[in-house]
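Below are the chains, spelled out letter by letter.
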Amino acid sequence: MPVVQPPCKVLVSGATGYIATWVVQNLLERGYSVRGTARSVAKGEYLKKVFAPYGDKFEVVVVEDISQGGAFDEAVKDVDAIEHTASPFHMNAVDPDELIKPAVNGTVGMLKSILKDESTKVKRVVVTSSGVAVHREEPTQLTFTEADWNTQCLEVLKKFEDEGRKNEAPNLMKYRASKTLAERSAWEFVNDPENKLRIKWDLAVLNPPLVFGPAIHEITTPSSLNTSAAMFYNHVADGTKANAAGNDFLANTGTCWIDVRDLAEAHALALEKEAAGGERFIVSGGLWKWQDFIDAANDLNPPPKLSTTLPVGIRGAGKIAKHLSIYNTAKADRILGLKYRSIAETTKDTLGDYEARGW
């Protein structure tokens, strides 16, 4: 039996985000009721317009600061399940705590709020972690499974902190540490002996790599795209920026990816599949290099009508490039039964989105 099923009510944190907006839409399409959190009333208004066709099956509540204690106390009431997606993703942090504190405190705070609610109906919590909580960089090819944890980023941050230079740590390591520590804190919370006696729900975690695909959240220009979507635009649609990066970069940069719509589907399946409880899942559509997406873009017929000129690079170079990191998705394949979109389909739909926006 499904752990939850329509018409149950699901709380989606950070509902204005790139991934979360698709999660909301997927759940509504399945027949669920959804409560989404937004940082302000103004930010929630866009969501109300987008999901107006679903009437009272969608509502927005304001959670101004997810890192504050008790932030989710009201939001978690009278819901049957929770999709926790709210966490910062950018490469502009100076102090690592700019990323780490909201990621960790927001995740633990959500779990504390559920535990605090003695009348809770929550049966499952799904947390969006990341492939970077699994993956580490090595000079040799490695295949990663859910048994792997990224301790490398924590070691790098500790080294810089011990030297009194923590703000000088690589921004990528700061972000990876935030995702690793946030996920670790979630598992520590549910496995704490005292908490275990009171918890009536279980936890599932998704570990996606870079997320690409069209957007339905509020954006106005390419510069307002979130980090991963902006990377796609700059390297696949904007020939000037892609060419500046160089053919070698385009042919050799990339690891694994997933379409945002497939990740939204994974969120729903992780709620519904009974065997998903207590598990973390690597969800990945496969290997990629920027050149693979560029080739797919140039294969489109008719070609997209964009304000930019598509890059060309060196056709086929991505297919012969070396991949050092491979994600094993066997567990997600077996338990979730997730199907993935192809590079060609995601490229077509994403560039079609740009075209519709006049970009």
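Residues numbered from 1 in each chain as written. Predicted model: local features only at pLDDT ≥ 70, side-chain atom pairs only at ≥ 80, totals over all residues. Heavy atoms only, no water.

Turning our attention to the pairing of strand β5 (residues 124-128). Across the five residues of β5, five count as buried, placing the element largely inside the fold. Burial along β5 is two-sided: Arg124, Val126 and Thr128 and Val125 and Val127, pointing in opposite directions, are all buried. Across four bridges, strand β4 (residues 81-84) lies against β5 in parallel orientation. Directly across from Glu83, in β5, lies its bridge partner Val126. The sheet contact formed by β5 and strand β7 (residues 202-207) spans five bridges and is parallel. Bridging from a neighbouring strand, Val127 pairs with Val205 of β7. (Buried < 20%, exposed > 50% of the residue type's maximum accessible area, 1.4 Å probe, protein only. Helix = DSSP H or I, 4+ residues; strand = E, 2+ residues; numbered from the N terminus. Pairing = 2+ DSSP bridges.)

So, on to the nonpolar core. Counting residues in each nonpolar core, the largest one holds 69 residues, and the members touching the most others are Val12, Leu27, Leu206, Val283, Phe293, Leu336 and Leu351. Residues in contact with Leu351, not counting those within four places in the same chain, are Phe232, Ala237, Ala297, Leu300, Pro304, Leu306 and Leu310. (Core = buried A, V, L, I, M, F, W, Y, C linked by side-chain atoms within 4.5 Å. Contact = heavy atoms within 4.5 Å.)

This part covers the side chain of Thr180. Assignment of secondary structure puts Thr180 in helix α5 (residues 171-191). Beyond its immediate stretch of four places on either side in the chain, Thr180 contacts Val132, Ala133, Trp149, Asn150, Cys153 and Leu154.

Summed over all chains, the structure comprises one cavity of 30 Å³ or more. The volume enclosed by the largest cavity comes to roughly 60 Å³. Surrounding the largest cavity, His84, Thr85, Ala86, Ser87, Ala103, Thr107, Val127, Thr128, Ser129, Lys179, Ala182 and Glu183 form its lining. Those elements that provide at least two residues to the lining of the largest cavity are α3 (97-116), β5 and α5. If you tally residues by element for the lining of the largest cavity, the top one is α5, at three residues. Residue composition of the lining of the largest cavity, grouped by class: four nonpolar, six polar and two charged. (1 Å grid on protein atoms, 1.4 Å probe; cavity = no way out; pocket = protein on both sides within 12 Å on 5 of 7 lines; lining within 4 Å. Points joined across faces, edges and corners; volume = space filled by probe spheres on them. Nonpolar A, V, L, I, M, F, W, Y, C, P; charged D, E, K, R; others polar.)

What follows is about the sheet that holds strand β8 (residues 210-212). Whether parallel or antiparallel, the strands of a sheet pair through hydrogen bonds between backbone atoms. Strand order in this open sheet of three strands is β8-β9-β11, and the pairing throughout is mixed. Strands at the two margins of the open sheet, each flanked by one partner only, are β8 and β11 (286-287). Here β8 runs beside strand β9 (residues 256-259); their pairing, made up of three bridges, is parallel. Paired with Leu210 across the strands is Trp257, a residue of β9. Along the sheet, helix α10 (residues 260-272) makes contact with β8 and β9, crossing β9 at roughly 75°. (Axes fitted to C-alpha atoms, helices over the stretch in contact; angles between N-to-C directions.)

Put simply, helix α1 (residues 18-30) and α10 touch, their axes get as near as 8 Å, and they point 55° apart. Relative to α10, the element α1 is oriented oblique. When you trace α1 past α10, the crossing you get is right-handed. Two secondary-structure elements touch here, α1 through Tyr18, Ile19, Trp22, Val23, Asn26, Leu27 and Arg30 and α10 through Val260, Arg261, Leu263, Ala264, Glu265, His267, Ala268, Leu269, Leu271 and Glu272. Within the contact of α1 with α10, the residues separate by chemical class into eleven nonpolar, two polar and four charged. (Parallel < 35°, antiparallel > 145°, perpendicular 65-115°, else oblique. Left-handed = near helix turned anticlockwise from the far one by under 90°.)

What follows is about the sheet that holds β5. Read from one edge to the other, the open sheet built from seven strands follows the order β3-β2-β1-β4-β5-β7-β10, with strand pairing classed as parallel. Here the strands that pair on one side only, and so sit at the sheet edges, are β3 (58-62) and β10 (280-282). The average angle at which neighbouring strand axes cross in this sheet is 20°, direction not considered. Two elements, strand β1 (residues 9-13) and strand β2 (residues 33-38), share four bridges in a ladder whose sense is parallel. What sits directly across from Leu11, in β2, is Arg35. Each of β1, β4 and β5 is contacted by α3, which is oriented at about 170° to β4, the strand it contacts most. Where α10 meets the sheet, it contacts β1, β4, β5 and β7, and its direction lies at approximately 155° from that of β5.

Bear in mind that shape data such as this cannot, by itself, settle questions of function.
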